[in-house]
Amino acid sequence: MALIGRALLILGLLVAVYGSGASLYGARSGRREWVDSGRRSVYALAALMTAAFAILEAAFLRSDFSYTVVAAHSSTTTPTFYKAAAVWSSQEGSLLLWVWLLSLWSSLVLVLTRRRMPDIASYATAVLLGFGGFFTAMTVFFANPFATTATPPAEGAGLDPLLLHPSMMIHPPMLYSGYTLLTVPFAFAIGALVTGRLSSDWIAVTRRFALAAWLFLGIGVVLGARWSYTELGWGGYWAWDPVENAALMPWLCTTAFIHSIMIQEKRGMLKVWNASLVLASGTLAILGTFLVRSGILDSIHAFGASTLGVPFVLLIAAMVIGGIGLVIWRREELRTEARIDSLLSREAVFLLQNLVLVAMVFVIFWVTFFPLISEALTGTKVSVGPPAFRPFIVPLALVLVALSGIGPIIAWRRVTVANLRRSFTFPALAGGLTLLVLLVASGAAARPFALIMFALAAFVLATVAQELWRGVTARRAISGEAVPLALAQLVRRNRRRYGGYIVHAGLAVLLVGVAGSSSFQHSRDVMLRPGQSAIVDGYQIRYVRPTAAASAQKLSFGGVLDVSKAGHHVTTLTTTRGFYPAQDISLGELGRFFNGQSDSDVGLQAGLTRDIWTVVNPDLTPLQPLISQGDRVFGAAMVQAMRTVGRLPLAQAQQALAPLWRERDQAISELAARFVTHPWAVNFLLIVSPLVSWIWIGAIIIAAGGLIALWPVRALAPRRARSYAAGPPVAPAGLHPREGTGALVARESAGALAAREGTEALAARESAGALAAREGTGALAARESV
């Protein structure tokens, strides 16, 4: 099967090269049959990569150690759940996953556009197949997942213990899905620039792919943070690791793109900016993939040094140079005569928001790569850490949150004083009241950045609540529906807008969690004997007793802690540190069980207001004399035993050595038991961190909002797209569309409909059966039948 898998990769490379060439030839010559052949090449690549990935996945599931990658990253004792996920824990398997996902998304977009924009789609097909060819070539020439060995080992090395976490099953595929989805808008942007068709058509086609990429990247980033918080044992969720930053940068850039394309669709503006953003997002996706695989920056997430660095650098350079060149070439066609009418308008707010997001990307890029920049300029590699990010990211985050509250309630083009008063009174009061209460009733004044974040978050949440309430109230006035049904129908009829509002609310909740947990965290690093206790933020944490467990696969040492406050029991925490046997027998037959890889099982009691978190770091030095003595005894016994069984068949030799293995396992169990029977002082990291749960709750809200915005909408009524170039649409009889900051579709059967646009309230008046509906700046979609 390995030979078949290898053949599928080679065939996939040939198909990608052919398809890319066929698409370019068809686009240049106008011959449709070549364009169709190129599109079918994408489908063929998807089928080939699906078969190849299935072969590799099956090898992991059946523990076929003749595959080098399986032997290096799995074992017979690895749970089936993690065997399935171990495919992408390796360099080779993750590259195959990358090109497989790329081929699937490429096939999907080409199916959806097979009758739309054929000229742009032809060039986009060539670009997508170019990416497919590049990554397939990586698996063929540099990182072959189907490499085999003639003498497979009886047991594999196993999965890295740090990866034995449920998010491992989802986290990498989410990130890779985000990265590969970003190649779709990148490819269509290249096609639009090459052909000169620079209207909003290519944006309309790829918007959902950009939104899906944003959603998948966001989920992947949060899952990575959760993994860090519960698995790595350092007490945090975001360490500004280079690979973490590599995933965050394209997410921020895509966020900017999703907002700025609204300006192009509404006003025909920012064409250069949007093209640049989508090209930058695609390039940053490849950069993130490169950082994981090159080993140029130290990261716990990276695969280490490899030979893949040079090809990736060449690809990134081609994307940067080609993208900049195309934008410069088409600068005249990208220019627009429209200008921002007022700084107090939604266009201005969106543009400022874009600048803030891009500034955050620049800061993260500069600080992340500063060690390489400093080494190139001075010859000295300067290390940087989280403190280097905070002076820039924190103020930018505050501005971003404020703008996410202002954007939904400020009008397009320009606003009036009356609208400002009506739209901002309630959110401003909510933010101001929150600020006042926190100043009076809490110690938040000592943390000004956190205090401002809490007030701004209240402002954003009040804005979203106001918009939802106004929309629901207007809908109920017309339809008479119950509040839950009116809310559901309101969101269903304009999922993109209200999904965005929900995302803004989730972002506010998430950043409240970040501000609270980072500004008001209390921690202590203590040495405790059983019965001793430590005080952390008013909680008394007592070390009750040690725990230990031993098996041939893992040694575990930990402790049970009792947490109380003001004399009342709060919770009981259990934390352990696991040690996995090393394969290096030079460490000693017993010593290798105590000196292999390790992982932490965190003790955590999570709550809405605070988390109590602990991890143990057992000092095994007191056991070292006994371990060394056991190594000498069993080493000598092993030498003697091997002389006796050296010429026996394997099965008989294993049977003859079984008593010795049992004695070794018994000795290890007795050593582990001494941790309990003869306890000594153990190191614990104790943390009380407020509002951490708000981070995960906010992330769930953001994901829900993203799904709502992404979900396909069935046409509820005939709609006409409003184009900046064509002017306002002509309304059908009885239908008079007007637009302020929301969309109003209203009909009146017996008389005139008067609608006021801008930032004023929309009022529909009916003369023979009196219906009045009022909307502020929220969205109202209402129909009346008489």
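Quantities reported herein were computed from a predicted structural model and do not represent experimental measurements. For every chain, the first residue of the written sequence is number 1, and numbering continues from 1 onward in sequence order. Under the rules for a predicted model, residues below a pLDDT of 70 receive no local features and side-chain atom pairs below 80 are neither given nor counted, while totals for whole chains, interfaces and linings still include all residues. The basis for every side-chain value is the complete set of heavy atoms in the structure, and neither hydrogens nor water enter the calculation.

Student: Is there a simple way to think about the sheet that holds strand β6 (residues 598-601) in this case?
Tutor: Strands in a sheet are paired, the pairing made by backbone hydrogen bonds, and the direction either parallel or antiparallel. Between any two strands, pairing holds if DSSP finds at least two bridges. Secondary structure elements are taken from DSSP: a helix is a run of H or I of four residues or more, a strand is a run of E of two residues or more, and numbering for both begins at the N terminus. With respect to topology, five strands assemble into an open sheet ordered β2-β3-β4-β5-β6, the strand pairing being antiparallel. At either end of the open sheet lies a strand with only one pairing partner, and these are β2 (533-536) and β6. With strand direction ignored, the average angle separating the axes of adjacent strands in the sheet is 25°. In this sheet, β6 lies alongside strand β5 (residues 568-579) in antiparallel orientation, the contact comprising four bridges. By the bridge assignment, arginine 577 is partnered in β6 with serine 600. Each axis is a line fitted through C-alpha atoms, taken for helices only over the stretch in contact, and angles between the N-to-C directions span 0 to 180 degrees.

Student: Just to check I follow, could you spell out the sheet that holds strand β8 (residues 610-617) for this structure?
Tutor: Read across the sheet, four strands follow the order β1-β9-β8-β7 without closing on themselves; strand pairing throughout is antiparallel. Two strands close off the open sheet at either side, each with one partner strand: β1 (522-528) and β7 (603-605). Strand-to-strand, the axes of this sheet are offset by a mean angle of 15°, without reference to chain direction.

Student: Just checking my understanding: could you explain the packing of aromatic side chains for this structure?
Tutor: Describing an aromatic ring pair means giving the distance of the ring centres and the angle of the ring planes. Side-chain rings of Phe, Tyr and Trp, where Trp is taken by its six-membered ring, are said to pair if the distance between their centres is within 6.5 Å; with planes under 30 degrees apart they count as stacked, over 60 as edge-to-face, and otherwise as tilted. Per the stated rule, a full pass over the model turns up 28 aromatic pairs. Between phenylalanine 53 and tryptophan 100, the ring centres sit 4.7 Å apart and the planes meet at 10°, which makes this aromatic pair stacked. With phenylalanine 53 in helix α2 (residues 32-61) and tryptophan 100 in helix α5 (residues 91-112), this pair connects stretches of sequence that are 47 residues apart. Summary of the burial criterion: residues with accessible area below 20% of their type's maximum are buried, those above 50% are exposed, and those between are partly exposed, where the area comes from a 1.4 Å probe applied to protein chains only. Residue phenylalanine 53 is classed as buried on the basis of its relative accessible area of 7%. Ring geometry for phenylalanine 557 versus phenylalanine 579: centroids 6.0 Å apart, planes at 65°, classification edge-to-face. Separated by 22 residues along the polypeptide, phenylalanine 557 in strand β4 (residues 555-565) and phenylalanine 579 in strand β5 bring together distant segments of the chain. A residue is classified by how much of its surface remains accessible, and phenylalanine 557, at 0% relative accessible area, is buried. Assessed through its relative accessible area of 10%, phenylalanine 579 is described here as buried. Put simply, the rings of Trp98, Phe134, Phe135, Phe290 and Phe312 pair up and form one aromatic cluster. Taking NZ or CZ as reference, arginine 330 lies 3.9 Å from the ring centre of tryptophan 329, over its face. Whether a charge lies above a ring is judged from NZ of Lys or CZ of Arg, which has to be within 6 Å of the ring centre and within 35 degrees of the ring normal.

Student: Would you take a moment to explain the confidence of the model for the protein for this structure?
Tutor: Do not read the fine detail of predicted coordinates wherever pLDDT is low. Taken residue by residue, the protein gives an average pLDDT of 85. The fraction at 70 or more is 88%. Per-residue pLDDT stays below 50 along residues 715-786; that stretch engages in 139 contacts with residues further than four places along the chain or on separate chains. Each residue gets a pLDDT score, which is the predictor's confidence in that residue and runs from 0 to 100. For this analysis, residues touch if any pair of their heavy atoms sits within 4.5 Å.

Student: Just to check I follow, could you spell out helix α6 (residues 118-142) for this structure?
Tutor: For the α-helix, the turn length of 3.6 residues means that residues three or four positions removed from each other point alike. For a helix, the expected span equals 1.5 Å multiplied by the residue count minus one. Taking 1.5 Å of rise per residue, the 25 residues of α6 would be expected to cover 36 Å, and the 35 Å separating its terminal C-alpha atoms lies within 8% of that figure. The buried count for α6 comes to 20 of 25 residues, which makes it a mostly enclosed element.

Student: Just to check I follow, could you spell out the nonpolar core for this structure?
Tutor: It is characteristic of soluble globular proteins that their nonpolar side chains tend to be buried jointly. Only buried residues count toward a nonpolar core. Its members are Ala, Val, Leu, Ile, Met, Phe, Trp, Tyr and Cys residues joined through side-chain atoms within 4.5 Å. Grouped together as the largest cluster of nonpolar side chains are 165 residues, with contacts concentrated most on Tyr67, Leu96, Phe146, Tyr179, Phe188, Trp202 and Ile286. It is helix α8 (residues 201-231) that contributes the most residues to this core, 15 residues altogether. Beyond its immediate stretch of four places on either side in the chain, phenylalanine 146 contacts Ala2, Gly5, Arg6, Leu9, Ala52, Ile55, Leu56, Tyr67 and Leu96. Leu620, Met638, Phe675 and Trp680 belong to the second largest nonpolar core, which has 36 residues in total.

Student: Mind showing me how you'd approach the pattern of salt bridges here?
Tutor: Working definition: two side chains of opposite charge can pair if their charged atoms are close together. Every case where a carboxyl oxygen of Asp or Glu lies within 4 Å of a side-chain nitrogen of Lys or Arg is listed as a salt bridge. Enumeration according to the criterion identifies 15 salt bridges in this entry. One salt bridge in this structure joins glutamate 333 and arginine 330, with 3.0 Å as the shortest N-O distance. One continuous salt-bridge network, built from bridges that share partners, spans Glu589, Arg592, Arg664 and Asp665.

Student: Is there a simple way to explain the pairing of β8 in this structure?
Tutor: Summarising burial for β8: seven of the eight residues are buried, a large majority. When β7 meets β8, the two strands line up antiparallel, connected through three bridges. Directly across from glutamine 605, in β8, lies its bridge partner isoleucine 612. In textbook terms, the turn of a hairpin is the stretch between consecutive antiparallel strands, and for β7 and β8 this stretch comprises four residues. Pairing analysis gives eight bridges linking β8 to strand β9 (residues 682-690), with the strands arranged antiparallel. The residue of β9 that forms the bridge with arginine 610 is proline 690.

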